[in-house]
Structures are given as structure tokens and as C-alpha cells.
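# What the coordinates show
Below, each chain spelled out in residue letters.
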Amino acid sequence: MAGKKSSSKKLHLPNTRLNKWFTEEDYNLEVELGREWLEGDLNIIVVLFRIDLNKTIVDDLYGEAKAHEKHYHPPVELRVKIDIDESTTSYDVLKVSSRESQPKLIFSIFTQQLEEKNTEVSRGDIIGYNDGVKGVRYFEVFDANYTNISNNRTIMGYKSYWRKISCIMIDKDVFDRV
């Protein structure tokens, strides 16, 4: 019957031609090689202290918690690639004195590692890092990079495979788990 339209609608998928040149097997191989370098050869370890939101006591009005009211899940070791951003000296306006420099810790991690360890890095979590000079220093996560679909976080635009987490150093009175 000419001219009769089909009642079934065809599902239109976005362009999938990348699969012709880059398959799931290719993706898995790239991730495996990257993880071998990062977790085996590089082998830099940070410790994640994830906030336990069920046990932490928060203020009813602002939803904030004081340092002694925060509770954490058991620590988890993560193998990462780190970058220490140049430190900046902060000044106390009232006392007109400078504090110790506060460097930023930025680390990259494969999402598969987080999935395998059944953990997540979130804003407000604490990261412990032994800098080799002053011992263990603690940093608070301020950007957990949840949206990681940009081209530089994917392999050929196929799938995201890593995250870049940004942290700021905190004082020992905020967190001290030595």
C-alpha cells in the first residue's frame, strides 16, 4: 500500500561511527595500560577520609558541622597522579600577619579504581598525603569533578575514564588523624 506511513517510530541514535574505529576492547586496553602506569609504576598513594553524613552532626540552620562533630568512614588508600599547585600566602586581616602558605593538591584518579573500592570522592572529604618533607598533610576536597565528560577526560570522545580532584590544605586543628 503506497503512501501508508508505518506506525512504528524508528529510534534515532546519535552518531555511533566511532565504534567502527574505536571499540570497547580498545577503550579497556587504553584504560588498563594507563592504570598500570599510574597504580603500578607511579604508585603515589593518598588516603581518603570520606565524611559519614549519617553520623556527622550538622547545624540545623546552615547545615555545617564543626571539626569535632564530623565523623568519617574508615580510610581508603587511593593510587593517584598528583600536582601541587603553587602556594599562596594568606593574610589575616585583623592581625595583619601572614599564615603558612596554603598549597593546592590536585590529583587525577581512574574512575574504575573508585568503583572497585566502592567509594566516591565528594566535596568536603579529607585527603591525607605524605609530602616526604613535612610528613602527612591534610587537604579538603573543594572540587570533586563530577562532570567529567569533556574531551580531555575521555578517550577519543568515547567515554570518560578519569577525574581531576582539587583540594586545599587545611590546618591540623580542622583535621588531625596522625
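Residues numbered from 1 in each chain as written. Predicted model: local features only at pLDDT ≥ 70, side-chain atom pairs only at ≥ 80, totals over all residues. Heavy atoms only, no water.

## Things to note about the confidence of the model for the chain
When the pLDDT values of the chain are averaged, the result is 82; 76% of them are 70 or greater. Ranking the elements of the chain by mean pLDDT puts strand β3 (residues 91-92) last, at 51, and strand β1 (residues 44-49) first, at 96. (pLDDT = per-residue confidence, 0-100. Helix = DSSP H or I, 4+ residues; strand = E, 2+ residues; numbered from the N terminus.)

## Things to note about unusual backbone geometry
Excluding glycine, a negative phi dihedral is what most residues carry, and trans is how most peptide bonds are arranged. Positive phi is not limited to glycine here, since Asn-43 has a value of about 50 degrees. Counting through the fold element by element, Asn-43 comes out in the loop between α2 (24-42) and β1.

## Some thoughts on the packing of aromatic side chains
Taken as a whole, this structure holds six aromatic pairs when the rule is applied. Taken together through their ring pairs, the aromatic side chains of Phe-49, Tyr-72, Tyr-138 and Phe-175 make up a single cluster. (Phe/Tyr/Trp six-rings, centres within 6.5 Å; stacked < 30°, edge-to-face > 60°.)

## Here we look at the environment of Gly-124
With respect to the helices, strands and loops of the structure, Gly-124 is situated in the loop between α3 (111-116) and β6 (126-130). Residue class for Gly-124 comes out buried when judged on its relative accessible area of 10%. With 16 residues separating them in the primary sequence, Gly-124 and Glu-140 have C-alpha atoms 5.7 Å apart. Residues contacting Gly-124, with those up to four places away along its chain left out, are Ile-51, Glu-140 and Val-141. (Buried < 20%, exposed > 50% of the residue type's maximum accessible area, 1.4 Å probe, protein only. Contact = heavy atoms within 4.5 Å.)

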